[in-house]
Amino acid sequence: MEHIDNQLQTLIKNEQIEAFRDEFLDLHPYDQAVFFMEQPEDIRLRIYMYLSPEETANFMENIDLDDIEPFFMEMDPRFAAMVFADMSTDDAVDILNELEKDAVVSFLTIMDNKAANEIKQLLHYEEKTAGSIMTTEFVAIYQTKTVKDTMQYLKAEAPVAETIYYLYVVDQDKRLVGVLSLRDLIIADDDTLISDLMSEKIVSVSVAKDQEEIAQMMRDYDFLALPVVDFQNHLLGIITVDDILDVMDEEASDDYSKLAGVSDIDRPNDNAFISAKKRLPWLVILSFLGMFTASLIGQFENTLDEVAVLAIFIPLIAGMAGNTGTQALAVAVRGLANGDYGKQGKMKLVLREAGTGLITGTVCGLVITIIIFLWQGQFFLGLLVGLSIMATLIVATLAGSLVPILMDRLNIDPAVASGPFITTINDIISILIYFGMATAFMGFLV
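Residues numbered from 1 in each chain as written. Predicted model: local features only at pLDDT ≥ 70, side-chain atom pairs only at ≥ 80, totals over all residues. Heavy atoms only, no water.

1. What to know about the environment of Asn-58
Applied cut-off: Segments assigned H or I by DSSP are reported as helices when at least four residues long, segments assigned E as strands when at least two residues long, and all are numbered from the N terminus.
Mapping Asn-58 onto the fold places it in helix H5 (residues 53-60). Each C-alpha atom, one on Asn-58 and one on His-28, is 9.8 Å from the other, the two residues being 30 residues apart in sequence.

Next up, the structure:
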């Protein structure tokens, strides 16, 4: 690929336009996008001149949304408007949602009326819903048509459709009444009516449905596309599997950022101030919780004065509580995000994590008890730390699984129960257990 990149750069610098077009357009759109993004601005400006808006749109759809804004801002506005018009409607909407409102208005004003109206319709839908990610470039056929008529219609409409593997059947009022695969259409007799060929068992989604739920449906049914309907069952658009892959990537990034205690994942172009602004809220909250943990340790100052060696094991107990809690949290959040747990499944998860905490706590407690006895020569000290770890791991594991389930029940994103949050809560719990037991059994330690 490096050899090709150098060759393309040479062709651009020597203004060998036709040779560049032949080489560049022979690449896969993804490879075109990779080459384009690696070029300096002066080379990119020449690329715009050498390619048509449609050819530019073809590889622009393969550029990550977080990186794409500067490219449209450096284009001639009229050229940029034509690129948007030549893109799939849903992809154009995704990009426009990343731009400033003034720029969006400007592009829509310049754009062809038909393309602008299609984009405006999708821009009105709330973000992260079916309406915001669907495309209006689909093939709908009437149930009263024959296979022969439909094939002729399909040949005319297929070039501008997002996909033709599924054909959606509508009545005269544009209501969705059936679905038909391209394979079934091809092998059917020419005189067969679509109404006799279609399947009436349709899986569709409401235009207001959350994109995460749609991703789960696409995964469960193994569909390549899903029809989107309004409350009267009018067919509005379709959601294709490539859009769902983008949704899954977006949701995974979002959940990961929350698990890390960040309000929104950092973008490559964010400066230090923007990144700090996203991270500070959680850090401030966690600093207050940390101060509470410190003051809690202060309440057991007399215990520490009498048995100073207890302080050695505070990081061990707190660290193990945080680790096991985060493990349970990751399992619970992932299962809830994927829709793996129903009502009974959640209870099964909690019981399993309780059992896991009991087993891991018992094993770790025994190991620590033996190590401390051999190290310090104090059996009761080893027993105290071992029992504390056992109890802490059981409680921390339960907390890691219960907190996200509780948040899900309250319709709060389970990923908000972030790793740092669970770790800090488990620090408090582990300190209470450790020093509570130490105070209770002080007579055996001094």
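2. Notes on helix H6 (residues 65-74)
The following threshold applies: The buried label goes to any residue with under 20% of its type's maximum accessible area, the exposed label to any with over 50%, and the partly exposed label to all in between, with areas taken from a 1.4 Å probe on protein chains only. What the arc measures is the spread of directions leading from the helix axis to the C-beta atoms. Two residues qualify as a contact provided that any one of their heavy atoms is within 4.5 Å of a heavy atom in the partner residue.
Every buried residue of H6 is accounted for by Ile-68, Phe-71, Phe-72 and Glu-74. Buried residues of H6, viewed axially, fall in a sector of 155°; they line one side. In the core, the buried residues of H6 are packed alongside helix H3 (29-37), helix H4 (41-50), H5, helix H7 (77-86), helix H8 (89-96) and helix H9 (101-110).

3. Things to note about the sheet that holds strand S5 (residues 225-229)
The strands that make up a sheet pair up through hydrogen bonds in the backbone, lying either parallel or antiparallel. The cut-off we apply is this: The criterion for strand pairing is that DSSP finds at least two bridges linking the strands in question. A fitted line through C-alpha atoms serves as each axis, taken over the contacting stretch for helices, and the angle formed by two N-to-C directions is quoted from 0 to 180°.
Spatially, the three strands line up as an open sheet ordered S4-S5-S6, and their pairing is mixed. Looking at which strands have only one partner, the edges of the open sheet turn out to be strand S4 (205-206) and strand S6 (235-240). For S5 and S6, the ladder comprises five bridges, and the chain directions are antiparallel. Note that in S6 the partner of Pro-227 across the bridge is Ile-238. Seen against the sheet, helix H15 (residues 211-221) touches S4, S5 and S6 and runs at an angle of roughly 135° to S5.

4. Some words on the nonpolar core
The condition is simple: Only buried Ala, Val, Leu, Ile, Met, Phe, Trp, Tyr and Cys residues count toward a nonpolar core, and they belong to the same one when joined by side-chain atoms within 4.5 Å.
Residues Phe-20, Met-60, Phe-72, Phe-84 and Ile-239 are the most contacted members of the largest nonpolar core, which totals 56 residues. Tallying contributions element by element places H7 first for this core, with five residues. In this view, Phe-84 contacts Phe-72, Ala-92, Ile-95, Leu-96, Leu-99, Phe-107, Met-111 and Ile-119; residues no more than four positions away in its chain are not counted. With 23 residues, the next largest nonpolar core counts Val-307, Ile-389, Tyr-434 and Met-437 among its residues.

5. Considering the side chain of Thr-392
Going by this rule: Whenever two N or O atoms come within 3.5 Å, that pair is a polar contact, provided that in protein one can donate a hydrogen and the other can accept it, and provided that, for residues adjacent in sequence, both atoms are side-chain atoms.
Note on placement: Thr-392 falls in helix H21 (residues 379-409). Overall, the relative accessible area of 1% leaves Thr-392 in the buried class. Looking at Thr-392, its side chain comes within polar contact range of the main-chain oxygen of Ser-388, at 2.7 Å.

6. Some details on the UniProt feature "transmembrane region" (unreviewed entry) in the protein
Stated formally: UniProt positions are given in the numbering used here, feature names are shortened, and annotations may be inferred rather than shown by experiment.
In the numbering used here, UniProt assigns the feature "transmembrane region" (unreviewed entry) to residues 280-300, 312-333, 354-375 and 381-407. Measuring from the first to the last C-alpha atom of residues 312-333 gives 33 Å, for a span that is 91% helix and 0% strand. The distance from the first to the last C-alpha atom of residues 354-375 is 31 Å, and the span holds 100% helix and 0% strand.

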